[in-house]
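# Understanding the architecture of this molecule
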Amino acid sequence: MQAPLIGRHVVRLESVTSTNDVAFELAERGALEGTVVLADVQTRGRGRQGRPWHAAPHTSVLLSAILRPLPSCQRPTLLTAMAAVAAYETIASHSGLAVLITWPNDIYLSRGKVCGILIEQRHSVWVIGIGINVNQTALELRASALPEAISLRAACNREFSTEIVAADLMQHLDSQYNEVLRGNHEHVLQKWVTAMRILGSQVEVHHPDGEAIGRLLAIDFDELKLETPAGRAVTFNLNHVQAILPVV
Ligand code: BT5
């Protein structure tokens, strides 16, 4: 068996602004690819487009992994998919419940958001930041104004070890990143699309010019194809897609 790449060096910290910030600082100072930062507390945890990520101290997995992917793997959607699949598999194995990836990379458990992913790039360094809600109670999540959030504990009615969930997440990230490095992009794509459970369904696609409704015929790392109610096939560049929502 190959030695793991992601998690070969783990930096555990009590409190940070954001694990992504620390990961970039370490990368600048020459940290090896696969170095992981874990923290118990984030004072300025962030989501995408400047949105906040809230995590009460010692309740969550707050992880950032440093990657220096080859140019052929430097595709935002590919790295997004591999991170989402790794988080999905970790959460599914711990909860034993139905888990869903909502495009592009939120993970839902029992209809609540249990995990968010923020991927940032500076030059040749990519940082994969993952937050998993582990031990917050449903009451605590509601009190922190996160009505859409859920944790493993709230969904499964028992406590989990954040250390074990983090260790499993590192293993899953390592195995998915290995697929990426070996060029098995198709394999990652299939897992990502399967976990979204929207292929063949009616969806609403939000894009800069408005919204389109239709049956999702295909999706890959570059584009998605819809069949409109009039029976026409239309293609959207994924870089411009803002949301893909199931039509219920
Ligand atoms: C995300 O952004 O979901 C990406 C979150 C990534 C967090 C990790 S933690 C480790 C690493 N270090 C960081 O600083 N960040 C990463 P987005 O899709 O933009 O969702 C943000 C929105 O999710 C917020 O506006 C809230 O509505 C909601 N939210 C905030 N905290 C949440 C939580 N703990 N659980 C569920 N939803 C939350």
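Refer to the structure printed above.
Residues numbered from 1 in each chain as written. Predicted model: local features only at pLDDT ≥ 70, side-chain atom pairs only at ≥ 80, totals over all residues. Heavy atoms only, no water.

## Quick word on the pattern of salt bridges
A side chain of one charge can pair with a side chain of the opposite charge if their charged atoms are brought near each other. What counts is decided by this rule: Salt bridges are defined by distance alone: a side-chain nitrogen of Lys or Arg within 4 Å of a carboxyl oxygen of Asp or Glu. Segments assigned H or I by DSSP are reported as helices when at least four residues long, segments assigned E as strands when at least two residues long, and all are numbered from the N terminus. When accessible area is computed with a 1.4 Å probe and restricted to protein chains, residues below 20% of their type maximum are described as buried, those above 50% as exposed, and intermediate ones as partly exposed.
Here the structure, examined in full by the defined rule, presents 7 salt bridges. Ionic pairing is found between Lys191 and Glu89, a salt bridge with its closest N-O pair at 2.9 Å. Of this pair, Lys191 sits in helix H6 (residues 185–196) while Glu89 sits in helix H2 (residues 76–95); the two residues are 102 residues apart in sequence, bridging distant segments of the chain. A salt bridge links Glu227 to Arg215; the nearest nitrogen and oxygen atoms lie 3.3 Å apart. Here Glu227 is found in strand S10 (residues 223–227), whereas its partner Arg215 is found in strand S9 (residues 210–219), with 12 residues between them in sequence. Note on Glu227: relative accessible area 27%, which makes it partly exposed. With relative accessibility at 32%, the residue Arg215 sits in the partly exposed group. In this structure, a network of salt bridges that share partners links the residues Asp21, Arg46 and Glu120.

## Description of the pairing of strand S7 (residues 125–133)
Selection rule: For two strands to count as paired, DSSP must find a minimum of two bridges between them.
Within S7, 9 of the 9 residues are buried, which leaves it mostly tucked inside the rest of the structure. Burial along S7 is two-sided: Val125, Val127, Gly129, Gly131 and Asn133 and Trp126, Ile128, Ile130 and Ile132, pointing in opposite directions, are all buried. In the sheet, strand S3 (residues 60–67) pairs with S7 via 8 bridges, with the strands oriented antiparallel. Residue pairing across strands places Leu62 opposite Gly131, the latter belonging to S7. The sheet contact formed by strand S6 (residues 112–122) and S7 spans 8 bridges and is antiparallel. When the sheet's bridge partners are listed, Leu118 is paired in S7 with Gly129.

## Quick notes on the packing of H2 against H6
Convention followed: Structural elements are reduced to axes, namely lines fitted to C-alpha atoms, with helices fitted over the stretch in contact, and the angle between N-to-C directions of any two is expressed from 0 to 180 degrees. Throughout this description, any angle smaller than 35 degrees is read as roughly parallel, any larger than 145 degrees as roughly antiparallel, any in the 65 to 115 degree range as roughly perpendicular, and the remainder as oblique. Should the near helix be turned counterclockwise from the far one by less than a right angle, the crossing is left-handed, whereas a clockwise turn marks it as right-handed. By definition, residues are in contact when any of their heavy atoms lie within 4.5 Å.
The contact between H2 and H6 brings their axes to 9 Å, and the two run at 60°. Here H6 runs oblique to H2, going by the angle between their axes. Relative to H6, the crossing made by H2 is left-handed. From H2, Leu78, Ala81, Met82, Ala84, Val85, Tyr88 and Glu89 reach across to H6, where they touch His185, Val188, Lys191, Trp192 and Ala195.

## What about unusual backbone geometry?
Leaving glycine aside, a negative phi is the common case for residues, and trans is the common case for peptide bonds. With an omega dihedral of 0°, the bond running from Trp103 to Pro104 counts as a cis peptide bond. Mapped onto the elements, Pro104 comes out in the loop between strand S4 (99–102) and strand S5 (106–109). With a phi close to 60°, Ala145 is a non-glycine residue in the positive phi region. Within the secondary structure, Ala145 is located in the loop between helix H3 (138–143) and helix H4 (152–156). Residue classification places Ala145 among the exposed positions, given a relative accessible area of 60%. Within the chain, Arg197 stands out as a residue other than glycine whose phi angle is a positive 50°. Relative to the helices and strands, Arg197 resides in the loop between H6 and strand S8 (202–207).

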